[in-house]
Amino acid sequence: MTGPTTKRICPEVLWAQRRDKILLTINVRECPKDYSLNVQPKKITFCGKNSKTNTDYVLDMELFGEINNTDYKKLESDRSLQLSLNRKEEGEYWPRLLESKTRVHFLKTDFDRWKDEDETDDEDETANWESMMGNMNIGGADFGSEEEEDDSDDDEIPELEDDKPAKKIEELE
């Protein structure tokens with residue numbers, strides 16, 4: 001008698017990038033913490049097992065460029081393993097994640113975390129913009145001071161006066 005068959009599948013991988021790092025999410029459902037992850041400068045391998053469904057997750061990726069395999073961050077959850085891999089050389093975006101140009105079924109772009117090359121960090125840009133606007137002094141006027149001049153626009157609006165009594169619709173006929 002043979003035991004239950006074990007399925008071997010390649011987990012779904014979502015990826016995004018910045019000028020200095022590669023962001024990966026390996027989706028492995030209910031995979032315990034006793035997985036094997038090997039990060040090398042040009043290669044990432046992952047092996048894990050979901051004992052409930054008797055599924056082995058196996059991932060082997062040859063990367064397009066080199067990463068720093070000693071300095072990376074990972075975040076584990078019951079559903080996924082997230083990696084933030086620092087690139088060896090900051091610069092141009094990689095045209096693809098894998099060294100091979102062939103399309104693989106398990107690899108998808110993570111559009112929630114993706115930023116284009118020409119985009120800057122929105123938080124930094126917003127902070128710079130706000131500080132620039134706060135320091136701006138046009139024509140010597142201080143717009144943010146407490147001692148503002150009285151403005152005629154700030155006066156109360158007078159009540160409307162009725163010149164003529166309103167005619168009823170019946171009187172018009």
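Refer to the preceding data block for the structure.
Scoring rules and cut-offs
- Each chain carries its own residue numbering, running from 1 in the direction its sequence is written.
- In keeping with the predicted nature of the model, local features appear solely for residues at pLDDT of at least 70, side-chain atom pairs appear and are counted solely at 80 or more, and the whole-chain, interface and lining totals rest on all residues.
- Only hydrogens and water are removed before side-chain values are computed, so all heavy atoms of the structure are retained for them.
- In DSSP terms, a helix is any run of H or I states spanning at least four residues, a strand is any run of E spanning at least two, and both are numbered starting from the N terminus.
- Any pair of N or O atoms that falls within 3.5 Å is considered a polar contact. Within protein, one atom must be able to donate a hydrogen and the other to accept it, and sequence-neighbouring residues count only if both atoms are side-chain atoms.
- Should any heavy atoms of two residues lie within 4.5 Å, those residues are considered in contact.
- Pairing of aromatic side chains here covers Phe, Tyr and the six-membered ring of Trp, requires ring centres within 6.5 Å, and sorts the geometry by plane angle: under 30 degrees stacked, over 60 edge-to-face, intermediate tilted.
- Working definition: with a 1.4 Å probe on protein chains only, accessible area under 20% of the residue-type maximum means buried, over 50% means exposed, and in between means partly exposed.
- Strands qualify as paired when DSSP identifies two bridges or more between them.
- Inter-axis angles, ranging from 0 to 180 degrees, are taken between N-to-C directions of lines fitted to C-alpha atoms, where helices are fitted over the stretch in contact.

S.K.: Explain the side chain of Asn50 to me, please; I cannot follow it from the model alone.
M.R.: Looking at the secondary structure, you find Asn50 in strand β5 (residues 43–50). A polar side-chain atom of Asn50 sits 2.9 Å from the main-chain carbonyl oxygen of Arg29. In this structure the side chain of Asn50 is engaged in a polar contact, spanning 3.0 Å, whose partner is the backbone nitrogen of Lys52. With residues up to four places along the chain from it excluded, the contact list for Asn50 reads Arg29, Glu30, Thr55 and Tyr57.

S.K.: Where do I start with the packing of aromatic side chains in this structure?
M.R.: Two numbers describe a pair of aromatic rings. These are the distance of the centres and the angle of the planes. Evaluated as defined, the whole model comprises 4 aromatic pairs. Taking 5.4 Å as the distance between ring centres and 35 degrees as the angle between the ring planes, the aromatic pair formed by Tyr35 and Phe46 counts as tilted. Here the residue Tyr35 occupies a position in the loop between β3 (21–27) and β4 (36–39), and Phe46 occupies one in strand β5, the gap between them amounting to 11 residues. Relative accessible area serves as the criterion here: at 1%, Phe46 is assigned to the buried category. Ring centres of Tyr93 and Trp114 lie 6.3 Å apart, and the angle between their planes is 80 degrees; on these two criteria the pair is classed as edge-to-face. In this pair, Tyr93 sits in the loop between β8 (80–87) and β9 (107–109) while Trp114 sits in the loop between β9 and α1 (122–135), placing the two residues 21 residues apart along the sequence. We classify Tyr93 as buried; its relative accessible area is 13%. Cluster of aromatic residues (ring-pair linked, three or more members): Trp15, Tyr93 and Trp114.

S.K.: Hey, could you run me through the sheet that holds β5 in this one?
M.R.: Strand pairing in a sheet is mediated by backbone hydrogen bonds. Such pairs are either parallel or antiparallel. If you walk across this open sheet you meet the 4 strands as β1-β6-β5-β4, and the pairing is mixed. Strand pairing shows two members of the sheet lacking a second neighbour, β1 (7–9) and β4, which therefore form its edges. Here the average twist between neighbouring strands, direction ignored, is 10 degrees. Across 4 bridges, β4 lies against β5 in antiparallel orientation. Counterpart to Ser36 in the pairing with β5 is Cys47.

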